[in-house]
Each structure stands twice: as structure tokens, then as C-alpha cells.
Amino acid sequence: MASAREDIPESTPSLTDSRESPRLAGIPDLETEDSARPLETTPKKLCGYLSKFGGKGPIRGWKSRWFFYDEGKCHLYYSRTAQDANPLDSIDLASAVFDCKADAEEGTFEIKTPSRVITLKAPTKQVMLYWLQQLQMKRWEFHNSPPAPPATPDPALARNGPALHLELGSPERGEEAELEEFLCPVKTPTGLVGAAAALQPAPAMPSALHNISLKHLGTEIQNTMHNICGNKQAHGTGHGPPVEESPQSGGPQREEQSSGSEPSAPGREPEDSPKAASKPSVPTITQKTKRQSNTFPFFSDGLARTRSAQEKVVALEQQVLVLTTELQSQKELVKILHKALEAAQQEKRASSAYLAAAKDEDRLELVRHKVRQIEELGRRVEALEQEREHLAHEAGLREQQVQELQQHVQLLMEKNQAKQQVICKLSEKVTEDFAQPPGPPSATDPDFLSQQERMEHLKDDMEAYKTQNRFLNSEIHQVSKIWRKVAEKEKALLMKCAYLQARNCQVESKYLAGLRRLQEAAGTETHMFSDLLRQLIQEALQWEATEGSADPVGLNPISEYDDYGFLTVPDYEVEDLKLLAKIQALEVRSHHLLALEAKERPPRERWTAIGELTPSAELKHMLRAGVPREHRPRVWKQLIHRRVQHLRTPGYYQELLGRGQACEHPAARQIELDLNRTFPNNKHFTCPTSRFPSQLRRVLLAFSWQNPAIGYCQGLNRLAAIALLVLEDEESAFWCLVAIVETILPADYYSKTLTASQVDQRVLQDLLSEKMPRLVAHLGQHHVDLSLITFNWFLVVFADSLISDILLRVWDAFLYEGTKVVFRYALAIFKYNEEAILRLQDGLEIYQYLRFFTKTICDSRKLMNIAFNDMNPFPMRQLQQRRAAHRERLEAELRELERLKAEYMERRASLGRRVPENCASEEDGEGEA
């Protein structure tokens, strides 16, 4: 519903008019019209008295209301009488439909809006048809006329408004003629509609209380006060009916007087003052009522006026319940944060005490205290695990109850269907009995009496079946509500369990991080202390691959391998790196659990609804956010097909394989050497019985025959391996490799000189200088060459650098947008770890950190936001211009290098191969021995 200021039309008088005589709601002020303009030429207003059906309880019935139409808003306002200042309510005709039924009471028609149905009754059928036809025309004019100019309080503009509207509406006469073909124009009923109807008394009702609207009681009070004030003013001045005043003298003078009296003293003027004599008798009440009329009839909290009081109370109770639940959850979150803060402060105090301790015994006692705290945390984790199992058991019981209720509902529906079939058969039989022309039965005929008695029994049975049917419907409704509540509770339990698991992962990662800090701080301490740390670290690194495999609630537990076979915790030789890897795995799992329901489910539903991929901004945004695992093979195949459809022919891949079997390719030996070095941390390429190594061999050999200019280059094996893991089809993996090398990446990317790869490294250095000048200055100060690290990123598209979850998100966008994605993510990786790199103050230490720092990135969403939001603007045209400039400089350097090489070879050839004096020649000593 519109606000109060929008619902009240500009032509509707408010309580500000209480200084003048009462005016008619919805009727133009005749005093402000031009005196030379006769009444007959003024545009007719659609207004009049109608009966509206409404109310509740004992006062429900027909109520007399004064209706008037607002041209500017296409609203039909109504009030109790024509003299009321404020309308009770309005009906939006822009989206309404009108209906009149032949079997209804004479003069009754309906206005149906999307939110309610209003039943009205006119005095006669002619008045009803006139209203229906006029409302249809008004609705048609509103939808087909250009937007009206903004309303203004200037009387001259208000006087010209209707004439302008008629002029704009004149081109639509053809549509009005078409409407006249269905219903002839109804003549205006004299005295029942228009301004003349306002002069007639309101239709009499059984009682005055019956006609009052309790729903709009505030508006009723305001209108009553307005009428009382207007009558008192008219009676005090000795005037009965309204007296015409010229618009040049009456209205403006009255406004000037009232405005001039406002800045005076707040007290009341003396009685003998001439200003006091010209004021109305009750200005204070009028002004107070005016302020109330602006807000009281409408609810400031946004509740619809058409809703009943009970519905409003229910809505408010639901809102209070939601706010209470949210407040409770916020309180629990605050408690958890307080506990985490206390734990962090306690850990900080313990670390400070450990560093401040002067003796080894004091440090050992602190470590023992820390171990006791760790044991206490372990017991708490066990208690939480028991609580999780208890909740899972309760969820299982609830699921059983839901299944039982569903079976019960099914039985009830079957029973209801059977009874409906019986009712239909009986109804058909009754119809057949009535269809047969019976002879004139006698009152004493036993067959007639038995049939009549049987009919009475059937009627009773039908009533009983109807009652039972209503009961079964209510039962089904209640069971459905119960099932929905149980499902919502189960969902809440799953979310709580996921949150507990995430908290468990966070606690365990903090425990491991603490062990790692203790290990670094311990150094070469006593043998007993080192043994204790070593034992704790070994216990922490014990990996249970079957952990959570029988999880009854369906959450994906953290396991040794991820969905694509990569080790979640790589088997590093250095114990410190093992600890870092497990901390990283726990953090990844924690991020995944916390975002499981809120951020993963909607994208899955959107990807399920998408069939054929069509390039669009929405598709780009969805690919950047990542494709769900179950949809990734289908999406990748469509993206690859769009890039290689001009190269792909049926049977081409099998032809290349046949060529490789007939003749061995020169690159076959290098391919065999690289097969065993492809992803040593992935079980699909390390297992002797896996099919992936042989498929990878065939894909690489086929590509070597397909592109003789490149043949094989180190790095292609990892690109093909990623394609095999996702697509699980060697032909699709082959075409994915072709799409990357020949259509996505620039030419000469995998040539012998790697020209395009070197160009991209120089472009990346320019972008880093532009986006992160502090980092570039820091690396330059310590003489760090980033191309030693980033060259491999571009060559294999991060295949060896990022964890699989983030890597495949990068590839989702890379296959659609191209190499610009690689630049974005390369910049984002440095921005993600910029502060950590700036804290390092040694070149060797920086190189050691850059070797593995990409594996510490766990938050894929944060990295994506940096790549596609923080790195903007990132125009492709600028990237191409920089590539062209650096390629030109690099080719000039290569030409200069070739020239120097040629000069050197010529100089060596001209000098010949001479043996210096006093040096033994290979020919010396022949024949000796």
C-alpha cells in the first residue's frame, strides 16, 4: 500500500481548510473557479454515493460511502460523507478488474485488485453500468496517456489541469469507439452521480453506528472534528451555506493573515484585538487535528491497512519471534567470541611468561601447564563430539518420525481417494435414477417408500463423507506443517554440526600452530623437552583416512585425499612442512564448512537450471565464483568446444593415435620420463594400477603429432593431467590441451625460445609496479627476481602452485576469459601475501618463502575478490599494448644476441683451429706406447 501522502489526492481537502466553510471531498472548489466559466463547461468529476460491503461481526453489512476518482493517481477514494475532509481508504484502479454477476443482487458489482476484492452496490442498474463504464474508461486513459506534469498548489495550474488531460487523451478516440461496440454509452444518471449527488443527503442507514468505520476510527474522528469546526465557524459568522469569494481577495488574504499571525507571541491574543476577532474559534484544536490527520489513518510501520487487526498482531508476533531468535544467536556468538578472546589472551600471557623465564625448569613447567591445557581442550572436543553424535541420533529419530508421518499421510490420501470414488459412484447412480422417467408413485407404494428412505440414508452418508473429507484435508495440512518443521529443525541441526566441526578444525589448527611455534622456539634444548615435543607432533600428524566415513548427517569429512585425488596433507620430508600442510588442510576445511549452506547451495541450484552456455555477464560472474564439482565436466566441455569447434573433426583423435602406433615420435622418450614426475602428490598418477598414466601418455603423444612445431614441452604434461582429472575422458582432455596451447595462450608460448612466456613475465613486472609499488620496491631492494617463481605459474597455469580447490576455480574462469585471468590471479596472490613478504628482510629468506607461499592460501573467496575487484581497472587493450611493446624489445634483444653469436662464429672460423706453442698435440706421440 502506498504511503499516507501518496494515498491522499491533491484535490482532497484536509483539516487545513477548517478556517473556511466545509468543502465537498472530491468536488472541485467552485469558489476558486473562474467566474466567467459556466458550471456546464467544467469537466465532470466521477463521484457519488455507493454502498460498500464490509465490517466484521454484528456490524458486517452494507455501508454508505462517498466515492470520488483521482485523475492523477488512478485511485478511487471513499469517505463516509461528501463533506469529510480525509478519505477513509482508496482503491488502486491501475491493476484492478471489474465484474458484475447476473445472479447477484441488482446494482451489485465487484472491483478486484491483487490484494483484495471490494463489493459495491449502486442504487439502480443504470448507475451500476455508468460506474463500470466510467471506471473502465478512466483506467484506459491512465494506462494510455503520457505521464502527467507534477502537481502544484497554484490554483491557475490546477484549473488548467483537466483541459490539458483531455487534450492529451484525444488521440485515443478510436479505442473509445471500440469500447462502445461492446457496451453503449450509459447516460449520466441525474442527481445520483457527480457534483449534484453531493448536494443530496447521504442514504439513510438503519443506525448511525452501523455506518461508522471502526477500521478507520482515527479518520472518522478527524472528519467529525473538521465538520464541527466548520459548522461552528459558519454559525458564528452568521452564514449558512458557503459564500463565494473572489480568488484574488478571499483565499490569498486569508493565508496572509494566518501566516502573519504565526510568528507572533505564543500566547493567545487579547479579545479586543482585531486579529483575534478574525481568527476561527478553535485554532488550537484544528492545528492539532491537522497534525494527526497526516499520520493517524496510516500505519507508520508499513503494515497494510487492508489487513485485519488479528493478522497485524500475528505478523508482529512473528517479527518479534524472528528478532528474539536473532538476538539469542547474537548473544551466543558474543559468548563464543569472549571465550576465544580469553583463550588468546591466556595464550599470549603464557608465551610471554615462557619467553621471560630465565631457567629451563620454569620453561618446562610452563610447557607442562600448556600440555595440561591441551588435554583439557581435547576433553572438551570429545564432549562436543559426543554432543554431535547425540544430535545426529536425534536427527535420525526425527527422520524416522517424518517417514512414519509420510506413510500415514499416504494411507489417509488413499483412503480419501477410495471414499471419493464411492461418492462418485453413488452420485452417478442417483443421477441415473433421476434420469429414468418414473411412473406416478403412490404414497403407499412400498418400493417408493424404500427408495425414499434409501435416498435419505445416502444424503446422510454424503454429509458424513464431506465432514470426513474436510477432516482428512485438515489432517494432511497439519501433517505437512509438521513435516516442514521437522525438516527445518534437521537443517538447523546440520548447520550446527557443521559449525561445530569448523570450530573443531580451528581449535586443532591453533593447537598445531602452537606446537610449531614451540618447536621453533625450543631449538636445541634438553633431550627430555625435545622428546616431548617430538611425541606431541607425531601424535598430531597421525592421519586417520577413515575419519568420519560413517557420518550419519551427510557432512563431507576431511580425508587424506580431496575429490580429485590430491593429497590433502602432502607427504613432505621436512617435519615443519608437514605441520604447515596439515594446518592449511584444517583451515581449508573450516572455510568450506562455514560456507557450506549459505554460499554453496544457491550456485548449485543456478548451475542445475543452466543448460547450454550463452556468453553473458551473468555467466562470467558465475564462472569466476567457481563451478560446483558435479557440473564442472559439463561446463568445461562446452567451453572447450566453443574454442576448438573449427579444428575438431570426427575421428581425428583416433587418427593421431594410429599415427603414433605406426611410427615413434621423437618426443616419446621425454614424455615417458615426465610421466612419473606428473603430480607425485596425486593418487591417480602414483598408483601402479591407475589408468590415468596411460591415458596421459596417449594424450601427449597425440598432441605431439597434432602440433609438430611444438611437439612436446615440459609443462604440457601437467596441463593435460588437470584436464584428465576433471573431464575423465582422454579425447576431451586432448582437445582441452589444444584449446589452451593454440587458442587461449599466445603463439610461441611453448616454442624453443619461449618468447611469449618471457614477454608475459615483463608485463607482469609492469603490472606489479603499477598495482603494488611498495612490494616491488622491497623486492628490488633485496635483488629478488620474481620471474624465477612466476615463470612456472604462467607456463602451467598454477598447476603446481595452488591447492586443488582454488586451482580449479582459476581454470573455470581461465577457459572462458583467457590469459587475463592468469595475470589477475598472479597479482592477487602477491596482494594476498603482501604484508607477510614485506616483513621479510633477507633475500634468501624471501626466496625460501616464495617457494611455498602459494600453498598457504586457503580462502578462495577472498582471493577471488582481490583478483576481480581489487585489481580493477584491468583493460584487455592495455594488456595487449604492453605485450606488443615488450615483444618488440625482446625480439630486438634476441636479434642482437644472434648477431653477436654469428660474429663470434665467423671470427673463430677465420682464425682456424691452431695448437698453441709449447702445447702437446693429439697427434704427438702416435706410434709410441
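Presented here is an overview of the structure given in this document.

Calculation notes
- Residues numbered from 1 in each chain as written.
- Predicted model: local features only at pLDDT ≥ 70, side-chain atom pairs only at ≥ 80, totals over all residues.
- Heavy atoms only, no water.
- Buried < 20%, exposed > 50% of the residue type's maximum accessible area, 1.4 Å probe, protein only.
- Helix = DSSP H or I, 4+ residues; strand = E, 2+ residues; numbered from the N terminus.
- Pairing = 2+ DSSP bridges.
- Salt bridge = Lys/Arg side-chain N within 4 Å of Asp/Glu carboxyl O.
- Expected span 1.5 Å × (residues − 1).
- Patch = residues over 30% accessible without salt bridge, like charges linked within 9 Å, V, L, I, M, F, W, Y side chains within 5 Å.
- Areas by Shrake-Rupley, 256 points an atom, 1.4 Å probe, with all protein chains shown as cover.
- Lys, Arg positive; Asp, Glu negative; His and termini not counted.
- Charge placed at Lys NZ, Arg CZ, Asp CG, Glu CD.
- Axes fitted to C-alpha atoms, helices over the stretch in contact; angles between N-to-C directions.
- Parallel < 35°, antiparallel > 145°, perpendicular 65-115°, else oblique.
- Contact = heavy atoms within 4.5 Å.
- Nonpolar A, V, L, I, M, F, W, Y, C, P; charged D, E, K, R; others polar.

## Here's the deal with the pairing of strand E2 (residues 61–70)
Taken across its 10 residues, E2 has nine buried, putting it largely inside the fold. Across eight bridges, strand E1 (residues 47–54) lies against E2 in antiparallel orientation. Note that in E2 the partner of Phe53 across the bridge is Trp62. Bridge count for E2 against strand E3 (residues 75–79) is five bridges, and the pairing is antiparallel. When the sheet's bridge partners are listed, Asp70 is paired in E3 with His75.

## Thoughts on the pattern of salt bridges
Close approach of charged atoms lets side chains of opposite charge pair. Within this structure, the stated rule accounts for 27 salt bridges. As a salt-bridge pair, Asp812 and Arg632 come within 3.0 Å of each other at their nearest N and O atoms. Separated by 180 residues along the polypeptide, Asp812 in helix H28 (residues 804–817) and Arg632 in helix H18 (residues 632–644) bring together distant segments of the chain. We classify Asp812 as buried; its relative accessible area is 0%.

## Notes on H28
Between its terminal C-alpha atoms H28 stretches 20 Å, which fits the 20 Å expected from 14 residues at 1.5 Å a residue. Of all the 14 residues making up H28, 13 are buried; the element is thus mostly covered by neighbouring parts of the structure. Phi turns positive one or two residues past the end of H28, at Gly818, with a value near 105 degrees.

## So, a negative patch on the surface
On the surface, Glu456, Asp460, Asp461 and Glu463 cluster together into a patch of negative charge. By the secondary structure assignment, Asp461 is in helix H13 (residues 446–522).

## Section: the packing of helix H19 (residues 652–662) against helix H22 (residues 692–706)
The geometry of H19 relative to H22 is characterised by a closest axis approach of 9 Å and an angle of 90 degrees between their N-to-C directions. Looking at the two axes, H19 sits roughly perpendicular to H22. Taking contact as the criterion, the partners of Tyr652, Tyr653, Leu656, Leu657, Arg659 and Gly660 in H19 are, on H22, Arg698, Val699, Ala702, Trp705 and Gln706. When the residues that make up the contact of H19 with H22 are grouped by side-chain class, the tally is seven nonpolar, two polar and two charged.

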